[in-house]
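Chain and residue survey
Read off the chains here:
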Amino acid sequence: MTLMRYTTEEGGRLNNYAIEPKMYEATPPDKTQQRNYLILGTLGTLLVGGLIAVAVVVSQAS
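**As for the overall build of the chain**
Within the chain one finds one helix and two strands. Tracing the chain from N to C terminus, the helices and strands come up as β-β-α. Principal-axis analysis of the C-alpha atoms gives the chain an extent of 70 × 40 × 20 Å. Of all 62 residues assigned to the chain, the portion counted as buried reaches 0%. Of the accessible surface of the chain, which amounts to about 6300 Å², a share of 63% is contributed by carbon and sulfur atoms. Each charge sign in the chain was given a centre, from 5 positive and 5 negative side chains, and these centres are 11 Å apart.

**A short note on the confidence of the model for the chain**
Taken residue by residue, the chain gives an average pLDDT of 88. The fraction at 70 or more is 92%. By mean pLDDT, strand β1 (residues 5–8) is the weakest element of the chain at 76, and helix α1 (residues 31–61) is the strongest at 96.

**Quick notes on the pairing of β1**
Note: β1 against strand β2 (residues 14–17), four bridges, orientation antiparallel. Looking across to β2, one finds that Thr7 is bridged to Asn15. Hairpin connection, β1 to β2: the antiparallel pair is bridged by five residues, and Gly11 has positive phi, about 85 degrees.

**A short note on the environment of Gly11**
Topologically, Gly11 is positioned in the loop between β1 and β2. Residue Gly11 is classed as exposed on the basis of its relative accessible area, which comes to 80%. When the C-alpha positions of Gly11 and Leu38 are compared, they lie 58 Å apart, and in sequence the two are 27 residues distant.

Cut-off values and rules
- Residues numbered from 1 in each chain as written.
- Predicted model: local features only at pLDDT ≥ 70, side-chain atom pairs only at ≥ 80, totals over all residues.
- Heavy atoms only, no water.
- Helix = DSSP H or I, 4+ residues; strand = E, 2+ residues; numbered from the N terminus.
- Buried < 20%, exposed > 50% of the residue type's maximum accessible area, 1.4 Å probe, protein only.
- Areas by Shrake-Rupley, 256 points an atom, 1.4 Å probe, with all protein chains shown as cover.
- Lys, Arg positive; Asp, Glu negative; His and termini not counted.
- Charge placed at Lys NZ, Arg CZ, Asp CG, Glu CD.
- pLDDT = per-residue confidence, 0-100.
- Pairing = 2+ DSSP bridges.

Quick look at the structure:
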């Protein structure tokens, strides 16, 4: 059962507070992850460039 955190203000109004998530410190990517990011970025760029090239060729053909 989750308990709601709240306070009662003047006039009897309730003020609810969300439960904050646990914080953690991010670690920088290692060499393998950096290489994978580079490969995926390159493939993504090639895919988008190819799609744009196909769109230009198809629009010129009409």
